[in-house]
Amino acid sequence: MQHRRPISRRRIIAPAAFVAAALAVTVAGSLTYASASDRPRHHKPARPSVSASIAPAVTAAASPTGSASASASASASASASASASAAAAASVSAAAGNGYVMAPEPVTDVTPSNLVPEHKMFHEFQANCAVSRTNLPDDPIVFPQLPGASHSHTFMGNTTTNADTTPASLSAGDTKCLAKGDLSAYWMPTLYKGDKAVNPVGVQTIYYKAGVNDYTSVRPFPKGLRFVVGNAKNTDSAAFLKATVEGFECGDSYKNADIPATCPATASTQLNIRYQSPSCWDGIHLDTPDHQSHMAYPIIKDYPIGAACPADHPVALPMLEFKMAWPVNGNMSDVHFASGRGYTFHYDFMNAWDPATLQALVKACINGGRQCNARGYDERESPSTAVLTTDYVLP
């Protein structure tokens, strides 16, 4: 892709930076950072009854430090709170029925990690995936088994995704991702220039990152997990911007909450977006009626803890960062998504990774504090350290 910056500059910022960040808390409860590239997504959305736009960052007091008894008390309190939240959520799920998909192996025995591991600049790997199906009005999460009910989507990864898709059907399909074990489905609203659809060309990058400071606590996605990131009906451009790295980008234009009116009319210029997902799971549901409430963004706790999952979503999972590029430039006045303005951009994810492959990549790259490519090795190291073979499969 045509970024003038390195392919990934994002990281969980060093503990010292959280001190400065804490001083930047506004009366609205959001945080500001010196650089958007150093700004992790630590805002937590409200639990909406329908799809909601991204909510602002929140802060939380750190667990008491000092005596061992105080730490133990804080841990016990957090554990009790998380257990109560899990029990309440399970009760609601059982009563509500439709719209809730229970995890066959719920995770209810964890609390948000307040550990501060050795500082590592990166903790990520790439899923490099190409467009697999184009411009279909299907959405198997929001409109399951209703072909044609959605606005047009561009699908990536699994080649079989349609309105009838399930985790089982994905597992029996094929993939346009480099890693053969990534049979997941990724999709987003189709981009148009006038009435002509424009699709990304070649493999795009979907980062799997640590969204919390304790990168060693991140677990693989449970099989069948699905969620929607963003809001197709969003009208709040500022809220949209908070979940991006630097908003819509083209040429030297950054931090745009909407598609820019113009971009340099050069062959190398494309419209780019990097949009990040919540990374904290309630441990109970693979889906909820709004397709979002079972996931939450991390919150910021006091130094030195930094970003951590909230008590009601205690399970740290990978943070997805969609890095998409569309070959459009010049006059952009008629460029829009099938969902509308730029800030209605959103994406859907249904996990169908081979569990062993995903586990190996998470352990080596996210938990290992490395910056891995799609084969699962840091290119500053020897290729012999790769998780996957040259055919992108587990050895």
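Residues numbered from 1 in each chain as written. Predicted model: local features only at pLDDT ≥ 70, side-chain atom pairs only at ≥ 80, totals over all residues. Heavy atoms only, no water.

S.K.: I'd like a rundown of the overall build of the protein, residues and numbers included.
M.R.: Counting its regular elements, the protein contains five helices and 24 strands. In the protein, which comprises 395 residues, the share counted as buried stands at 53%. For the protein, contacts bridging at least 24 residues in sequence account for 75% of all contacts bridging at least 6. Counting only carbon and sulfur atoms, one obtains 55% of the accessible surface of the protein, whose full area is about 15600 Å². (Helix = DSSP H or I, 4+ residues; strand = E, 2+ residues; numbered from the N terminus. Buried < 20%, exposed > 50% of the residue type's maximum accessible area, 1.4 Å probe, protein only. Contact = heavy atoms within 4.5 Å. Areas by Shrake-Rupley, 256 points an atom, 1.4 Å probe, with all protein chains shown as cover.)

S.K.: Outline the sheet that holds strand β17 (residues 295-296), listing residues and values.
M.R.: Pairing in this open sheet of three strands is antiparallel, and the strands run β17-β15-β20 from one edge to the other. The two strands at the open ends of the sheet, each matched to only one other strand, are β17 and β20 (315-316). As paired strands, strand β15 (residues 280-281) and β20 are joined by two bridges and run antiparallel to one another. Within β20, the residue paired with Trp 281 across the bridge is Val 315. (Pairing = 2+ DSSP bridges.)

S.K.: I'd like to hear about the side chain of Asp 282, residue by residue, with values.
M.R.: Structurally, Asp 282 is set in the loop between β15 and β16 (285-287). Within polar-contact distance, the side chain of Asp 282 engages the side chain of Trp 281 at 3.4 Å. Of note is the side chain of Asp 282, whose polar atom sits 2.8 Å from the backbone nitrogen of Ile 284. Asp 282 has contacts with Val 107, His 294, Asp 312, His 313 and Pro 314, leaving out every residue within four places of it along the chain. (Polar contact = N/O pair within 3.5 Å; in protein donor to acceptor, adjacent residues only side chain to side chain.)

S.K.: Explain the side chain of Thr 344 residue by residue, including any values.
M.R.: Residue placement: Thr 344 occurs in the loop between β23 (335-337) and β24 (346-350). On the basis of relative accessibility, which here comes to 5%, the residue Thr 344 falls in the buried class. When sequence neighbours within four positions are dropped, the list of residues in contact with Thr 344 reads Asn 231, Ala 232, Asn 234, Phe 337 and Ser 339.

S.K.: Just give me the short version of the environment of Leu 170, but keep the residues and values in it.
M.R.: As for its placement among the helices and strands, Leu 170 is situated in helix α3 (residues 167-171). A residue is classified by how much of its surface remains accessible, and Leu 170, at 0% relative accessible area, is buried. In this structure, the C-alpha to C-alpha distance between Leu 170 and Asn 351, residues 181 residues apart in sequence, is 8.7 Å. Here Leu 170 is in contact with Asn 158, Thr 160, Thr 161, Thr 165, Leu 183, Ala 185, Met 350 and Ala 352, once residues within four sequence places are set aside.

S.K.: Account for helix α5 (residues 355-366), naming residues and giving values.
M.R.: Taking 1.5 Å per residue as the helical rise, α5 with its 12 residues ought to reach 16 Å, and the 15 Å between its terminal C-alpha atoms agrees with that figure. Along α5, the residues that are buried comprise Thr 357, Leu 358, Leu 361, Val 362, Cys 365 and Ile 366. In a view along the axis of α5, the buried residues occupy a sector of 125°, so they form one face of it. Across α5 from its buried face, at more than 90 degrees, point the exposed residues Pro 355 and Lys 363. As for α5, its buried residues are in contact with β3 (124-129), β9 (204-210) and β21 (318-326). (Expected span 1.5 Å × (residues − 1). Arc of directions from axis to C-beta.)

S.K.: Got a sec to walk through the environment of Asp 290? Specific residues and values, please.
M.R.: Structurally, Asp 290 can be placed in the loop between β16 and β17. When the C-alpha positions of Asp 290 and Ile 141 are compared, they lie 9.8 Å apart, and in sequence the two are 149 residues distant. Polar side-chain contacts of Asp 290 include one of 2.5 Å to the side chain of Ser 293.

S.K.: Can you lay out the nonpolar core for me, pointing to particular residues and giving the numbers?
M.R.: Ranked by size, the top nonpolar core spans 63 residues in total, and within it Phe 125, Tyr 186, Tyr 208, Trp 326 and Phe 345 carry the most contacts. Counting residues per element, this core draws most heavily on α5, at five residues. Leave out the neighbours within four places in its chain, and Trp 326 touches Met 188, Leu 191, Val 198, Asn 199, Pro 200, Gln 270, Leu 271, Ile 273, Phe 337 and Phe 345. In this structure, Ile 141, Leu 170, Ala 185 and Ala 352 belong to the second largest nonpolar core, which totals nine residues. (Core = buried A, V, L, I, M, F, W, Y, C linked by side-chain atoms within 4.5 Å.)

S.K.: I'd like to hear about the state of the cysteines, residue by residue, with values.
M.R.: Counted under the stated rule, the structure contains four disulfides. Here Cys 365 engages in a disulfide with Cys 372; their sulfurs sit 2.2 Å apart. Handedness here is read from the sign of the S-S torsion; for Cys 365 and Cys 372, about -95°, the answer is left-handed. For Cys 372, a relative accessible area of 2% gives the class buried. Sequence-ordered numbering of the bonded cysteines in the protein gives a pairing of 1-2, 3-4, 5-6, 7-8. (Disulfide = S-S within 2.5 Å.)

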